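Chain by chain, the residues run as shown.
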Amino acid sequence: MLQAVCNVAPRGIYVCGNSTSTTGLTVSLSREAGTGDYALEAGALVLADQGLCCIDEFDKLGSQQQALLEAMEQQSVSLAKAGIVSSLPARTSVVAAANPIGGHYNRGKTVSENLKMGSALLSRFDVVFLLLDIPDESHDRRLSEHVMANRAGKGRTSSATVTRTSNDLETSILLQHSTLPLSERLQVPGNESMDVIPACLLRKYISYARQYVKPTLSPEAAKTLQDFYLSLRSQAHSADATPITTRQLESLIRLTEARAKLELREVATKDDAEDVVEIMKHSLADTYSDGLGNLDFERSQLGSGMSQRSAAKRLVNALHSHAQRTNQKQFDLQMLRSIADKMNIKVLDFQGLLSSLNEQGFLLKKGPKLYQLQTI
């Protein structure tokens, strides 16, 4: 999927996380051998300025993930090395794909715990989708028929010919007014022939839309987005750390303008806003669902899963009381386990609980099996 998106984009760069460094993503400073002058060498994000940067194996980036924080927030990359202070534009869209830890997505844990990714980075993405391999008979049949048709040479459409004729006045499926949700409108029936747009034409279309179409929000679309944002904020008022911020509102505005730009319209209508709200609802349901179909906003993007949330609080309180009694802030793994056993705290992944507390700043990892209490 990332390769396909990168090939269609007018300016696209594909990188893989397991062979990427911080300087490879942002910018590096090197000294030329002959003159001794310093030279800036642009990384992937700077080279993809006003384009698209696709990052595969996003979970393998490790500490290099922090290099994306400024680029995704400020749309620029700043550098201060060897007395040289500069700022380079990085107005790029980032599309990333990551695999869960252990190769299996655990619905009992949050997205952050499954991907070992901090909330600061995860909240910078407009939408987050989970691609779960759930057995479904109709979906599996369509997928197998598609793969078999490609292997057998059927179902391929020539990119040089266009099958539409002048008396065929059918409009796009997106322009047809219907009460069906967006996910059903975009589905193609198995027996229907599909006229695929050639990649070179689609690349020119996207380039034209980006350069000449600057849509604005209509009052009805702005009201729809504002109502949805306020309803999300009202649902999350009881959470310890509210995950819904103005970033989500800006994401809604960006996606609505992009939806209108797709059809070369100067005004984003209420229908565009409703389609984007449906997409955002799907993304939020993936991110905050507790596995039982309920939206639990207390499962903040950094916090623990359902089973570990209360256990983490009880363990931190027990460590506080123990530290006040003994005036000792450092605990080894054996002592942490013994304190958890005394408090009858039972979790399946004790190491995962400790790493979650470490990411949230309650515990500081001082060694392989040594932790220091930070909030005292």
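Our subject is the structure listed above.
Keep in mind the model is a prediction, meaning the values are calculated, not measured. Numbering of residues starts from 1 in every chain and runs along the sequence as written. The predicted nature of this model means local features are confined to residues of pLDDT at least 70 and side-chain atom pairs, given and counted, to a pLDDT of 80 or more, with totals for whole chains, interfaces and linings taken over all residues. With hydrogens and water stripped out, all remaining heavy atoms of the structure feed into the side-chain values.

Asks: Explain the nonpolar core here, please?
Replies: Side chains of a nonpolar character, in soluble globular proteins, are inclined to be buried together. Here, nonpolar core refers to any group of buried Ala, Val, Leu, Ile, Met, Phe, Trp, Tyr and Cys residues whose side-chain atoms link them within 4.5 Å. Note on exposure labels: buried denotes an accessible area under 20% of the residue type's maximum, exposed denotes more than 50%, and partly exposed covers the range between, all computed with a 1.4 Å probe on protein chains only. Within the largest apolar cluster, 28 residues are counted, with the highest numbers of intra-cluster contacts made by Ile55, Phe58, Leu68 and Leu121. Contacts: residue pairs with any heavy atoms within 4.5 Å of one another. For Ile55, the residues in contact, after removing those within four places along its chain, are Leu2, Val15, Leu25, Leu61, Leu68, Val94, Val95, Ala96 and Ala97.

Asks: Looking at this structure, I do not really get the pairing of strand S3 (residues 38-42). What am I missing?
Replies: Two faces, one strand: in a regular strand the side chains alternate between the faces of the sheet. For two strands to be treated as a pair, DSSP must find at least two bridges joining them. Here a helix means four or more residues in a row that DSSP labels H or I, a strand means two or more in a row labelled E, and each is numbered from the N terminus. The sheet contact formed by strand S2 (residues 27-31) and S3 spans five bridges and is antiparallel. Looking across to S3, one finds that Leu29 is bridged to Leu40. Hairpin connection from S2 to S3: six residues lie between these consecutive antiparallel strands, with Gly36 at a positive phi of about 80°.

Asks: Teacher, can you tell me more about the packing of helix H14 (residues 333-342) against helix H15 (residues 350-360) here?
Replies: Packed helices, taken two at a time, are described by the angle between their axes plus the distance between the axes. Axis definition: a line fit to C-alpha positions, over the contact stretch in the case of helices; interaxial angles, taken between N-to-C directions, run 0 to 180 degrees. Closest axis-to-axis distance for the H14/H15 pair is 12 Å, and the angle between their directions is 105°. As far as their axial angle goes, H15 and H14 are roughly perpendicular. Touching Leu333, Leu336, Arg337 and Ala340 of H14 are Phe350, Gln351 and Leu354, all from H15. All amino acids are sorted into three groups, where Ala, Val, Leu, Ile, Met, Phe, Trp, Tyr, Cys and Pro are nonpolar, Asp, Glu, Lys and Arg are charged, and the leftover types, Gly among them, are polar. The residue makeup of the contact of H14 with H15, split by class, is five nonpolar, one polar and one charged. The scheme is simple: roughly parallel for angles under 35 degrees, roughly antiparallel for over 145, roughly perpendicular for 65 to 115, oblique for anything else.

Asks: How should the side chain of Thr20 be read in this particular structure?
Replies: Its location among the elements puts Thr20 in the loop between strand S1 (12-16) and helix H2 (22-25). The exposure class of Thr20 is buried, given its relative accessible area of 15%. Here a polar contact means two N or O atoms within 3.5 Å. Within protein one must be a hydrogen donor candidate and the other an acceptor candidate, and residues neighboring in sequence count only if both atoms are side-chain atoms. Here Cys16 takes part through its backbone oxygen, which lies 2.3 Å from a polar atom of the side chain of Thr20. Setting aside chain neighbours within four positions, we find Thr20 in contact with Val15, Leu25, Leu61 and Gln64.

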